[in-house]
Amino acid sequence: MTPSFDAIAIGGGLAGCAFAITMARAGRKVAVIERTRVALPKVCGDFLSAEALVLLQRLGIDPDRLGGHGITTFRMGLNDSVVDAPLGFSGLGVSRLLLDETLLSACAQAGVHVFRGQTVRAIEPTRGVVHVRTDEGRFNAACAALATGKHNLRAYPRKESGPVAYKMTFEPDENARRMLDGAVQLVLYDGGYAGACLVEGGGMTICWLADEALMRDSDGRWQDQLAFLSQRSGPLSEALRGSKPMYARPAAIAAVPFGYKRRELIEPRFYPVGDQLAVIPPLAGDGTSIALKSGIDAAEAALSGKPAGIFQQAFLRRLRGQFGWASAVEATFGSRFGRRTAIRSVRAFPQLATWLTQRTRLSGV
Ligand SMILES: Cc1cc2nc3c(=O)[nH]c(=O)nc-3n(C[C@H](O)[C@H](O)[C@H](O)COP(=O)(O)OP(=O)(O)OC[C@H]3O[C@@H](n4cnc5c(N)ncnc54)[C@H](O)[C@@H]3O)c2cc1C
């Protein structure tokens, strides 16, 4: 017989787990279907904003117990120039490896049935039941969340354009550790930016974007990309000098649709959440908050019988200001003149960066 649930999260990342935990806490029978069998590094800058920390707490996870690296400074680098500004809040560097596993454990503790190592191949949302087919079996649910993050299911595409994003964790040398202590660093260059911060256990995350030109010039080789970018950026070169990669290969994802918003309704009981609902430019470092909050809000909508369309509209309205500011910053960083003006302005008025950092947070958390 096909197992039946009140709700299913398709994907056990941030948004899927937030949805599942909220439904399970309300006494519903819930499943999470996650394609990975074990934790793998995910493309993400590993920076958690104050809003993300509040939302984790709301889901029963104490951020202090994650052992992350405290961050209070925003650092911006261009060529050999560096400027620092206060973030205006306390963030945390926590690897996605740890964060996603913690959320999946919280799901299990809340009574969610967690199915790992199963990839969802097809979903048929009909009026009363959502039918889900994985490579190993079938499931039914009264409602479901589409929470597959950066990966699209064929039937529910998003626009496919954008740079390639990479992430590698390093064992930093003493100098890099000292340099990044308490800071999240954004190094700007033609066609993208590289973010760096320390995470739990003393690791150093570097996450970077490669546009077509960088991909072509490096022949897709990540070491060549970092070497090329280091030649043009003092702070990146300093962070990498003497630091050792902890994996053979970086995590990578192509065609990240920054700025995307899913406005169209799929089906009234099928809720798109996280990156399947909206993708903020990564320099804002607030995708985690959006993923967690959209998962929680979708579950609350489902519990109160609100259809997905109403939830989507309300959530996308909440993102308007944040996306507007994040896109303006992205556009400014996209030109040489904009980058130069930005670094000069922040050097003269560090509070400008603090102010902008706050404008690019999720509102109303
Ligand atoms: C370069 C870059 C840097 C970023 N840096 C930051 C940052 O520093 N701070 C921040 O807050 N945000 C950052 N973000 C944004 C953040 O990573 C995302 O917004 C967030 O991960 C979205 O969460 P999610 O739950 O929607 O998706 P994910 O976390 O990607 O989870 C989706 C899950 O679904 C699973 N899945 C996929 N397909 C299937 C399937 N068919 N069947 C079953 N399971 C499936 C996947 O294995 C995965 O576990 C960054 C994004 C990028 C691209």
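Residues numbered from 1 in each chain as written. Predicted model: local features only at pLDDT ≥ 70, side-chain atom pairs only at ≥ 80, totals over all residues. Heavy atoms only, no water.

*Asks:* What is the right way to look at the side chain of Ser 243 in this model?
*Replies:* Within the fold, Ser 243 resides in the loop between α7 (234-240) and β14 (244-245). Given the relative accessible area of 11%, Ser 243 is considered buried. In this structure the side chain of Ser 243 is engaged in a polar contact, spanning 3.4 Å, whose partner is the backbone nitrogen of Asp 173. Residues in contact with Ser 243, not counting those within four places in the same chain, are Phe 170, Glu 171, Pro 172, Asp 173, Ala 176 and Met 204. (Helix = DSSP H or I, 4+ residues; strand = E, 2+ residues; numbered from the N terminus. Buried < 20%, exposed > 50% of the residue type's maximum accessible area, 1.4 Å probe, protein only. Polar contact = N/O pair within 3.5 Å; in protein donor to acceptor, adjacent residues only side chain to side chain. Contact = heavy atoms within 4.5 Å.)

*Asks:* What is the right way to look at the site of the ligand in this model?
*Replies:* Around the ligand sit 37 residues, and of these Glu 34, Gly 45, Arg 96, Asp 275 and Thr 288 come closest. With respect to the ligand, the backbone of Gly 45 contributes an N or O atom lying 2.8 Å from a nitrogen atom. Within the contact set of the ligand, an oxygen atom lies 2.7 Å away from a side-chain nitrogen or oxygen of Thr 288. Relative to its unbound accessible surface of 1000 Å², the ligand loses 95% to contact with the protein. Counting residues per element, the shell around the ligand draws most heavily on helix α8 (residues 287-303), which supplies 3 residues. (Near = heavy atom within 4 Å. Areas by Shrake-Rupley, 256 points an atom, 1.4 Å probe, with all protein chains shown as cover.)

*Asks:* Sorry, what's going on with the nonpolar core here?
*Replies:* Within soluble globular proteins, side chains that are nonpolar generally end up buried alongside one another. Among the nonpolar cores identified, the biggest contains 55 residues, and Met 76, Phe 170, Tyr 189, Met 204, Ile 206, Trp 208 and Phe 333 are the most heavily contacted of them. Here this core takes 6 residues from strand β13 (residues 204-210), the largest share from any one element. If we skip the residues at most four places from it in the chain, Met 204 touches Met 168, Thr 169, Phe 170, Pro 172, Ala 176, Leu 180, Cys 197, Leu 198, Ala 239 and Ser 243. Of all hydrophobic cores here, the second largest spans 54 residues; its members include Cys 17, Leu 66, Ala 106 and Leu 277. (Core = buried A, V, L, I, M, F, W, Y, C linked by side-chain atoms within 4.5 Å.)

*Asks:* Looking at this structure, I do not really get unusual backbone geometry. What am I missing?
*Replies:* Comment: phi is negative for the bulk of residues other than glycine, and the bulk of peptide bonds are trans. If you check the backbone angles, Asn 79 has positive phi at about 50 degrees while not being a glycine. Positionally, Asn 79 belongs in the loop between β4 (69-78) and β5 (81-93). The partly exposed category is assigned to Asn 79, whose relative accessible area is 48%. For Asp 219, which is not glycine, the phi dihedral falls at a positive 55 degrees. Note on placement: Asp 219 falls in the loop between α5 (212-218) and α6 (222-232).

This is a description of form; function is not addressed.
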